[in-house]
Amino acid sequence: MLDKWLTNQTVNIIDSVKDWKEAIQLCATPLLKNNAISQNYVDAIFQLHESIGPYYVLAPGIAMPHARPEQGVNQLSLSMLLVKQGVKFNSQENDPVYLITLLAANDNTSHIEILTQLAALFGEASDIQKIFKAQTSAQILSVINNY
């Protein structure tokens, strides 16, 4: 089911970034290009992070930045970025983050099935390790295709 949302266009790998803002901006780029979100959505994530901290860092190495639907979501969408060197989000227990999955929900319910599948993926340590070690988007997608 996740393979409907995560494709060669929306899954990317980069060696390193200068900071968490660059990581989120790069993760959002495919969704900005296809007009699924506006830059306002990315800016809302930045503002929330600045005001309440890295609320979206879910587990060691894993972040799922998101904001409210009305803050710039045009359509339900998902993107993923693997940062090979990791990036600090100022989440003491979970830094560095390697896998960033940006979720853009256009309402309060349509993304529930995506969240269920992501929770299953994030809870499967061996699959997460395969993603962390991936060298190509195709390797990440081969894991994603199981969810």
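As a reminder, the structure under discussion sits directly above these lines.
Our subject in this report is the structure included herewith.

Scoring rules and cut-offs
Residues numbered from 1 in each chain as written. Predicted model: local features only at pLDDT ≥ 70, side-chain atom pairs only at ≥ 80, totals over all residues. Heavy atoms only, no water. Helix = DSSP H or I, 4+ residues; strand = E, 2+ residues; numbered from the N terminus. Rg over C-alpha atoms; globule rule 2.2 N^0.38 Å. Buried < 20%, exposed > 50% of the residue type's maximum accessible area, 1.4 Å probe, protein only. Contact = heavy atoms within 4.5 Å. Areas by Shrake-Rupley, 256 points an atom, 1.4 Å probe, with all protein chains shown as cover. Lys, Arg positive; Asp, Glu negative; His and termini not counted. Charge placed at Lys NZ, Arg CZ, Asp CG, Glu CD. Pairing = 2+ DSSP bridges. Salt bridge = Lys/Arg side-chain N within 4 Å of Asp/Glu carboxyl O. Axes fitted to C-alpha atoms, helices over the stretch in contact; angles between N-to-C directions. Parallel < 35°, antiparallel > 145°, perpendicular 65-115°, else oblique. Left-handed = near helix turned anticlockwise from the far one by under 90°. Nonpolar A, V, L, I, M, F, W, Y, C, P; charged D, E, K, R; others polar. Arc of directions from axis to C-beta. Phe/Tyr/Trp six-rings, centres within 6.5 Å; stacked < 30°, edge-to-face > 60°. Lys NZ or Arg CZ within 6 Å of the ring centre and 35° of its normal.

**Some thoughts on the overall build of the protein chain**
A count of helical and extended segments in the protein chain gives five helices and five strands. Across the protein chain, helices and strands are ordered from the amino to the carboxyl terminus as β-α-α-β-β-β-β-α-α-α. The C-alpha radius of gyration of the protein chain comes to 14 Å, within 12% of the 15 Å expected for a compact globule of 147 residues. Per-residue burial over the protein chain gives 48% buried out of 147 residues. Considering only contacts in the protein chain between residues 6 or more positions apart, those separated by 24 or more positions represent 69%. Of the roughly 7100 Å² of accessible surface on the protein chain, a fraction of 47% belongs to carbon and sulfur atoms. Between the averaged position of the 9 positive side-chain charges in the protein chain and that of its 13 negative side-chain charges there is a distance of 5 Å.

**Some thoughts on the sheet that holds strand β1 (residues 11-14)**
Strands sit in the order β1-β4-β5-β3-β2 across an open sheet of five strands; the sheet is mixed. Here the strands that pair on one side only, and so sit at the sheet edges, are β1 and β2 (57-59). In this sheet, strand β4 (residues 77-87) lies alongside β1 in parallel orientation, the contact comprising four bridges. Bridging from a neighbouring strand, Ile14 pairs with Val83 of β4.

**Notes on the pattern of salt bridges**
Following the criterion strictly, the structure yields three salt bridges and no others. Between Arg68 and Glu70 there is a salt bridge, with its nearest N and O atoms 3.4 Å apart. On the basis of relative accessible area, Glu70 is assigned to the exposed category, the value being 60%. A salt bridge links Lys130 to Asp127; its shortest N-O distance comes to 3.6 Å. Pair noted here: Lys130 and Asp127 are both in helix α4 (residues 125-132), with a separation of three residues, about one helical turn. Its relative accessible area of 9% is what places Asp127 among the buried residues.

**A short note on the packing of helix α1 (residues 20-33) against helix α2 (residues 39-52)**
Remark: α1 packs on α2, axes separated minimally by 10 Å, with the N-to-C direction vectors making an angle of 155°. Overall, the two elements α1 and α2 adopt an arrangement that is roughly antiparallel. Our pair here, α1 against α2, has a crossing hand that is right-handed. Facing α1, whose interface residues are Trp20, Lys21, Ile24, Gln25, Ala28 and Leu32, α2 presents Gln39, Val42, Ile45, Phe46, His49 and Glu50. Partitioned by chemical class, the residues of the contact of α1 with α2 number seven nonpolar, three polar and two charged.

**Digging into helix α3 (residues 112-122)**
Residues spaced three or four apart along an α-helix face the same direction, because each turn holds 3.6 residues. Within the span of α3, buried status applies to Ile114, Leu118, Leu121 and Phe122. For α3, the arc enclosing every buried residue in end-on projection is 90°, short of the 170-degree limit, so these residues lie on one face. Taken together, the buried residues of α3 touch β2, β3 (62-63), β4, β5 (97-104), α4 and α5 (137-144).

**Considerations on the packing of aromatic side chains**
Scanning all chains against the criterion turns up five aromatic pairs. On the basis of an interplanar angle of 80° and a centroid distance of 5.7 Å, the ring pair of Trp20 and Phe46 is categorised as edge-to-face. One end of the pair, Trp20, is in helix α1; the other, Phe46, is in helix α2, and 26 residues separate them in sequence. Note on accessibility: Trp20 and Phe46 belong to one class, buried. Between the aromatic rings of Tyr98 and Phe132, the centroid separation amounts to 5.3 Å while the plane-to-plane angle is 50°, which identifies the pairing as tilted. Of this pair, Tyr98 sits in strand β5 while Phe132 sits in helix α4; the two residues are 34 residues apart in sequence, bridging distant segments of the chain. Among the aromatic residues, those joined into a cluster by ring pairs are Trp20, Phe46, Tyr55, Tyr56 and Phe89. Over the ring of Phe46 we find Lys21; its NZ or CZ atom is 5.4 Å from the centre of that ring.

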